[in-house]
There are 2 protein chains.
Amino acid sequence: MRDLKEEILQTSLDLFDLHGFHGVSVNQIVEASGTSKGGFYHHFQSKDELLFVIHDTFITYVFKEAQAANVHHSSPTQKIQAIIHSFVQVFDLYKPHISVFYQESTYLKPAYKAQIKQKRDEFKNMIFLVIKEGQESGEFRRELPVEITGMAVLGMVNWIYKWYKRDGAYTIDQIAEVFTDLTLHFLLPSSKSPASMEDLLHVPFFYDNK
Amino acid sequence: MRDLKEEILQTSLDLFDLHGFHGVSVNQIVEASGTSKGGFYHHFQSKDELLFVIHDTFITYVFKEAQAANVHHSSPTQKIQAIIHSFVQVFDLYKPHISVFYQESTYLKPAYKAQIKQKRDEFKNMIFLVIKEGQESGEFRRELPVEITGMAVLGMVNWIYKWYKRDGAYTIDQIAEVFTDLTLHFLLPSSKSPASMEDLLHVPFFYDNK
DNA sequence: GAATAAAGACCGACTAGTTGGTCTGTTTTT
DNA sequence: AAAAACAGACCAACTAGTCGGTCTTTATTC
């Protein structure tokens, strides 16, 4: 009656998050999920397929979220704000998936790796496009090279998985707000930046810096 | 006559970079280095020690560089500029080390892991301190929470290892300049930002954006 | 400087344990 | 009754690491 496949996924997700893909054997997964080798291989062709499913679940979600943010807003500033915000939120929702995604993608079999890479690139290009769009409309600083700037944003956000903890000093919302603040500060021309920022950022918890 | 230990290090570094720590067996290392099991275990106590040496080499270097930058400059703005610049350069010098450092640290044995973590934390704290110093002196925006802002900088730079390639579209110097530009743009108060920036950033290759 | 001794560098067959995966059989659901 | 869901003993391949032995370099003595 219980969904064994889901059980295996959750269990292995937690184990991989703790010990890495190669730090966990199929036997360990099987034991921790309260099943058997037979149970495992009934639902997954191989350990590698399990790894792929984890990757795919996550990247598919992120991409759809970004796409929604892209469609529902008109100005590049609003778009990048929405993308960063939803993207950062993901790190609270999908923490274990993400750890696996960024730590273990090396070990994906070529056929799987290619699929993941494609979706990942699409997401990356969406961010690049928004930046370019913003530059062309004159909202964003034209001096910035799109790729480097885009990778800066991606790096800043992606790195969250290395340090974010639910019970840490900052909530995921606070992180999202600061990161959008930082991003807009380097994207928007300095003249525009301070004045119009006040409308966008409702500076919630910042004043506790003594 | 050749330095076998160094040969093993370089070879395994390249192999780990390509296939990950667990994707490469000691036998493969031994074969690719043109030596034997005996040769390997004469120089390294275990495969785990090899992993540690790679980690330690890199983090020790980075920390010393940052420390130097910290001492040789007085103002926080100059410090953060120097730190980012030298830090980004490292990604050209130590690419394989860094891949291993960020991908495989999960697999360090506890005793080794503790050592690395300490050095890594020291480096992180140096960046936090510079930001805090800048806020206290009034150079940097006081609204920003130190930790989140610091992790943004770290993430932005650290992520380089995922995408930088020597024969890519941008040199490591270009990346370093853009990243310091971005960082100063969100650290410095908006009023200061544009005017004083022109002195700091000699905007070299930016005008090729059509 | 030749002879000898000692230490370090290196070799490779071997082992004990673990790994992902299979296969036959049983139970449970449709 | 047939098909899907699961169990668990089993296996071949591979793993990190060992160990007795050899070669090469260095130190010491005559």
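Residues numbered from 1 in each chain as written. Chains lettered and ligands numbered in written order. Predicted model: local features only at pLDDT ≥ 70, side-chain atom pairs only at ≥ 80, totals over all residues. Heavy atoms only, no water.

As named in an unreviewed UniProt entry, chain A is TetR/AcrR family transcriptional regulator, taken from Halobacillus locisalis.

1. A look at the protein's contact with DNA strand C
Put simply, the test is: Throughout, the term near means that a residue has one or more heavy atoms lying within 4 Å of the molecule or strand in question. Here a polar contact is taken to be a pair of N or O atoms separated by no more than 3.5 Å, where protein atoms must pair a possible hydrogen donor with a possible acceptor and residues adjacent in sequence count only if both atoms sit in side chains. Working definition: helices are DSSP H or I runs of at least four residues, strands are E runs of at least two. Numbering for both runs from the N terminus.
Among the 15 residues in the neighbourhood of DNA strand C, the closest are listed as Val26, Lys37 and Lys47 of chain A together with Thr35 and His43 of chain B. Taken together, the sugar and phosphate atoms account for 53% of what DNA strand C places within 4 Å of the protein. Here a phosphate oxygen of DNA strand C and a side-chain polar atom of Thr35 of chain B are 2.5 Å apart. Contributions of two or more residues to the surface near DNA strand C are made by α3 (37–43) and α4 (47–72) of chain A together with α3 (37–43) of chain B. Element by element, the count of residues in the surface near DNA strand C is highest for α3 of chain B, at four residues.

2. Details of the relation of the copies chain B and chain A
As a reminder of what qualifies: Here the copies were fitted onto each other by least squares, based on C-alpha atoms from residues at pLDDT of at least 70 in both. Throughout, a residue-residue contact means that at least one pair of heavy atoms, one from each residue, lies within 4.5 Å.
When chain B is fitted onto chain A, the two copies agree to an RMSD of 0.1 Å after a turn of 180° and an axial shift of 0.0 Å. Expressed as a symmetry operation, the mapping of one chain copy onto the other fits a two-fold axis. Residues of chain B ranked by C-alpha distance from the rotation axis are headed by Met156 of chain B, positioned 2.2 Å from it. Most of the interface of chain B is mirrored in chain A, where 100% of its interface residues are also at the interface.

3. Observations regarding empty space enclosed by the protein
Rolled over the atoms, a probe sized like a water molecule indicates the empty space that remains. Residues and elements named next belong to chain A. Stated formally: Cavities and pockets were defined on a 1 Å grid built over protein atoms only: a cavity is a set of grid points that admits a 1.4 Å probe from which the probe cannot escape, a pocket is an open set flanked by protein on both sides within 12 Å along at least five of seven lines, and lining residues are those with an atom within 4 Å of any such point. Grid points are joined across faces, edges and corners, and a volume is the space filled by probe spheres set on the points. Following the grouping adopted for this structure description, the nonpolar residues are Ala, Val, Leu, Ile, Met, Phe, Trp, Tyr, Cys and Pro, the charged ones are Asp, Glu, Lys and Arg, and the polar ones are all others, Gly among them.
A complete count under the given rule lists two cavities of 30 Å³ or more for this structure. Its boundaries defined by the atoms lining it, the largest cavity holds a volume of some 40 Å³. Every residue along the wall of the largest cavity is listed here: Val62, Glu65, Ala66, Ile83, Ser86, Phe87, Val90 and Phe123. Sorting the residues of the lining of the largest cavity by element identifies α4 and α5 (76–93) as the ones contributing at least two each. Here the element with the most residues in the lining of the largest cavity is α5; it accounts for four residues. Looking at the lining of the largest cavity, its residues break down into six nonpolar, one polar and one charged. Volume-wise, the second largest cavity comes out at about 30 Å³.

4. Regarding the pattern of salt bridges
Going by this rule: The rule for a salt bridge is simple: a side-chain nitrogen of Lys or Arg has to be within 4 Å of a carboxyl oxygen of Asp or Glu. Under the scheme applied here, a residue whose accessible area is under 20% of the maximum for its type counts as buried, over 50% as exposed, and between as partly exposed, the area being computed with a 1.4 Å probe on protein chains only.
Applying the stated criterion to the full structure yields 14 salt bridges over all chains. For Arg166 of chain B, the salt bridge identified is with Asp92 of chain B, shortest N-O distance 3.0 Å. A residue pair is termed long-range when its members are at least 10 positions apart, and Arg166 of chain B in the loop between α9 (160–163) and α10 (172–187) and Asp92 of chain B in helix α5 (residues 76–93) qualify at 74 residues. Given a relative accessible area of 62%, Arg166 of chain B falls into the exposed group. Among the residues examined, Asp92 of chain B registers a relative accessible area of 18% and is labelled buried. Between Asp121 of chain B and Lys117 of chain B there is a salt bridge, with its nearest N and O atoms 2.9 Å apart. Residue Asp121 of chain B and its partner Lys117 of chain B are located together in helix α7 (residues 110–136), separated by four residues, close to a single helical turn. Each member of the salt-bridge network shares a partner with another, and the members are Lys117, Asp121 and Lys124 of chain A.

5. Re the environment of Thr35 of chain A
Residues and elements named next belong to chain A. Structurally, Thr35 is set in the loop between α2 (26–32) and α3. Sequence-wise, Thr35 and Glu7 are 28 residues apart; in three dimensions their C-alpha atoms are separated by 9.6 Å. Once you skip the residues sitting within four places of it in the chain, Thr35 turns out to touch Leu4, Ile8, Val30 and Phe40.

6. Regarding the protein's contact with DNA strand D
Near DNA strand D lie 15 residues; those nearest to it are Thr35, His42 and His43 of chain A together with Lys37 and Lys47 of chain B. Taken together, the sugar and phosphate atoms account for 61% of what DNA strand D places within 4 Å of the protein. Within the side chain of Tyr41 of chain B, one N or O atom sits 3.0 Å away from a phosphate oxygen of DNA strand D. Mapped onto the surface near DNA strand D, the elements with two or more residues apiece are α3 of chain A together with α3 and α4 (47–72) of chain B.

7. Structural notes on the packing of helix α8 (residues 146–158) of chain A against helix α10 (residues 172–187) of chain A
All names here are of chain A. Just so we agree on the cut-off: Inter-axis angles, ranging from 0 to 180 degrees, are taken between N-to-C directions of lines fitted to C-alpha atoms, where helices are fitted over the stretch in contact. Each angle gets one of four labels, with under 35 degrees taken as roughly parallel, over 145 as roughly antiparallel, 65 to 115 as roughly perpendicular, and the rest as oblique. Left-handed describes a crossing whose near helix is turned anticlockwise from the far helix by less than a right angle; the clockwise case is right-handed.
α10 packs onto α8 with a crossing angle of 165° between their chain directions and a minimal axis gap of 11 Å. When the interaxial angle is binned, α8 and α10 end up roughly antiparallel. Read as a crossing pair, α8 and α10 show a hand that is right-handed. Every residue of α10 that contacts α8 at Thr149, Val153, Met156 and Val157 is listed here: Phe179, Leu182, Thr183, Phe186 and Leu187. Of the residues belonging to the contact of α8 with α10, the class tally is seven nonpolar, two polar and no charged.

8. Focus: α5 of chain A
Applicable threshold: A helix's residues, less one, multiplied by 1.5 Å, set its expected span.
The first and last C-alpha atoms of α5 of chain A sit 26 Å apart over 18 residues, in line with the 26 Å expected at 1.5 Å per residue. A large share of α5 of chain A lies buried, amounting to 14 of its 18 residues.

9. Let's talk about the interface of chain B and chain A
Test applied: Simply put, the buried area is the total loss of 1.4 Å probe accessible area from both parts when two parts are fitted together.
If you look at the interface, chain B gives 45 residues, while chain A gives 45 residues. Taken together, both faces of the contact between chain B and chain A bury some 3,900 Å²; the carbon and sulfur share is 65%. In this structure, the connection of chain B to chain A is made through two salt bridges. In this structure, Arg141 of chain A engages Asp181 of chain B in a salt bridge whose closest nitrogen and oxygen atoms are separated by 3.0 Å. Seen at the junction of chain B and chain A, the total is 14 residue pairs in polar contact (both at pLDDT 80 or more). Of all the secondary-structure elements, those providing two or more residues to the side of chain B that touches chain A are α1 (4–19), α6 (95–103), α8 (146–158), α9, α10 and α11 (192–200) of chain B. Of the residues forming the side of chain B that touches chain A, the biggest block, nine residues, is contributed by α8 of chain B.

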